[in-house]
2 protein chains.
Amino acid sequence: MTSLRTVFFVSDGTGITAETFGSSVMAQFDSVKFRHRRLPFVDSIDKAESAVREIHQQAQADGARPIVFSTLVNPAIAERVHRAQALHLDLFSTFVAPLEAELGFKSSHAIGRFHHATDTDSYRNRIEAINFSLAHDDGQSAKNLVDAQVILIGVSRSGKTPTSLYLSMQYGIKVANYPLIPEDFERGQLPEPIRAFKSKCFGLTIDPMRLADIRNERRPGSRYASIENCRSEVSAAESMMQREGIRWLSTTTKSIEEIATTVLDVLRLES
Amino acid sequence: MTSLRTVFFVSDGTGITAETFGSSVMAQFDSVKFRHRRLPFVDSIDKAESAVREIHQQAQADGARPIVFSTLVNPAIAERVHRAQALHLDLFSTFVAPLEAELGFKSSHAIGRFHHATDTDSYRNRIEAINFSLAHDDGQSAKNLVDAQVILIGVSRSGKTPTSLYLSMQYGIKVANYPLIPEDFERGQLPEPIRAFKSKCFGLTIDPMRLADIRNERRPGSRYASIENCRSEVSAAESMMQREGIRWLSTTTKSIEEIATTVLDVLRLES
């Protein structure tokens, strides 16, 4: 029994699904350390055999058989990889069989299908969404706000930019984000360009202590980063969102993924 | 037998893993249409029961039992959700049992673990990488290029920006991207700021016809978008990369995920 194990992610595509999923499952075993090895684009028997050799070598070097998470659509390639001395966790075949039984159809076993096809509307939509979100980052442009599906608002460094990019990259959602700045609080009104779009605004707020930490990394010792200023901006932003009936959440302990999913859920957006 | 089926993604976290994986598997069934329903943050018995009710209602409305992909770490919550009338594909329990047997340890069944924890170095690293990549998009800044792990180069609209953002968001890699422009080709030299960093440059190229299409969407009928100009820029860029010994790939039919994974693979970058 060793406490360091090698984990292979073997896929005929990028292997991103296998690695994302495998990492989540392995995070449940805190007494074991895992070394990740990616083997993407294993889409021929030759490459399958070279993967088997690599897994074997690792088994010998480690003195323990590796763990293999795989997404291999082609049964002949999968069968070849399965010959390697390893614990095989085959995401594809495990779930395809029950789905075939349920749906009454055979799966197409088409390699391209398991992946991110580039010639689909949904792919083009994602790219368009990423470009939109970049062009509308940090209030850069008030043009075409009518096309935004979400407008994130909040004080500087509350998490708007990464959340916007994630929503467009993962879900193909067009997001604008608009900073709330001291001038807006003095005026007591939302920034002019977004007033007409209150129903698609969503606020991000943050604990002032955490905000001060983040801002201090950028501009150490500045008034901008001071805890007094952070407290006052956050409190003014929260009052404004409450007054305007804009839903919001605190990003303090939430990951980008959690914030993005919550925004979709609350605004009932379909991607 | 119906050709429209509802698929639920039930998770005590965001459900992103369940949905990404489930979508890939279902893409293998081209004769069935799937309606997606996300049920994130199902982290209590109450929420499990409300999920069960929603699945039941959908079963009745559809006249067919739904398909449920789930990632539920807590066994009591999972057991409750499994009572719903549905085909249950439980990603978590399916793979945890064989891993427990292999590793000789019980999994921690810790809900937080399955998710994106925000208080880890790797999370902070991702956020820092996203900020870096944004600040170094499109040659905006030549500062701190020494800190970049990859510098993507290529003609305008060859796919540099989405790839940079994806690499930082998914893998926490600091990416700069630098456009190759007609002035660089006249000079016959790489842009000055990146010359010192050739070993971490990676080129993106693209079929001139496809490039002309993309550019025409932005600036219809311009010289910039003309096929002659696209041909000449792409050919000059490829010659320059070859001369400088910079590895490159064509993005024409590749998704962001495929480009990003190939860049990691070729540069042997560890994330």
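1. Side note on the interface of chain A and chain B
Taken together, the contacts link 78 residues of chain A with 79 residues of chain B. Contact between chain A and chain B buries roughly 6900 Å² in total, counting both sides, with carbon and sulfur atoms accounting for 66%. In this assembly, chain A and chain B are joined by six salt bridges. Arg126 of chain B is the partner of Glu257 of chain A in a salt bridge, and the nearest nitrogen-oxygen pair spans 2.8 Å. At the boundary of chain A with chain B, the tally comes to 10 residue pairs in polar contact (both at pLDDT 80 or more). Counting residues per element, the ones that place at least two in the side of chain A that touches chain B are helix 1 (16-26), strand 2 (33-39), strand 3 (67-71), strand 4 (87-90), helix 4 (91-103), helix 5 (121-135), helix 6 (160-171) and helix 10 (256-267) of chain A. Broken down by class, the residue content of the side of chain A that touches chain B amounts to 38 nonpolar, 22 polar and 18 charged.

2. A look at the domain arrangement of chain A
Domain boundaries assigned for chain A yield domain 1 (4-114) and domain 2 (121-267). Put simply, the middle of domain 1 of chain A and the middle of domain 2 of chain A, counted by C-alpha atoms, are 39 Å apart.

3. Considering helix 1 (residues 16-26) of chain B
For helix 1 of chain B, a buried count of nine out of 11 residues is recorded, marking the element as mostly surrounded by other parts of the structure. Of all the positions in helix 1 of chain B, only Ile16, Thr17, Ala18, Glu19, Phe21, Gly22, Ser24, Val25 and Met26 of chain B are classed as buried.

4. Describing the packing of aromatic side chains
Summed over all chains, the structure comprises seven aromatic pairs over all chains. A ring pair is formed by Phe9 of chain A and Phe69 of chain A, whose centres lie 5.9 Å apart and whose planes are at 20°; its orientation type is stacked. Here the residue Phe9 of chain A occupies a position in strand 1 (residues 4-11), and Phe69 of chain A occupies one in strand 3, the gap between them amounting to 60 residues. According to the relative accessible area criterion, Phe9 of chain A is buried, its value standing at 1%. In this structure Phe69 of chain A comes out as buried when scored by relative accessible area, which is 0%. Consider the rings of Phe21 of chain A and Phe95 of chain B, whose centres lie 5.6 Å apart with planes at 70°: the pair is edge-to-face. With Phe21 of chain A in helix 1 and Phe95 of chain B in helix 4 (residues 91-103), this residue pair bridges two chains. Using a relative accessible area of 3% as the deciding quantity, one classes Phe95 of chain B as buried.

Reading the values: the criteria
- Residues numbered from 1 in each chain as written.
- Chains lettered and ligands numbered in written order.
- Predicted model: local features only at pLDDT ≥ 70, side-chain atom pairs only at ≥ 80, totals over all residues.
- Heavy atoms only, no water.
- Contact = heavy atoms within 4.5 Å.
- Buried area = accessible area lost by both parts, 1.4 Å probe.
- Salt bridge = Lys/Arg side-chain N within 4 Å of Asp/Glu carboxyl O.
- Polar contact = N/O pair within 3.5 Å; in protein donor to acceptor, adjacent residues only side chain to side chain.
- Helix = DSSP H or I, 4+ residues; strand = E, 2+ residues; numbered from the N terminus.
- Nonpolar A, V, L, I, M, F, W, Y, C, P; charged D, E, K, R; others polar.
- Domains from an automatic or database assignment.
- Buried < 20%, exposed > 50% of the residue type's maximum accessible area, 1.4 Å probe, protein only.
- Phe/Tyr/Trp six-rings, centres within 6.5 Å; stacked < 30°, edge-to-face > 60°.

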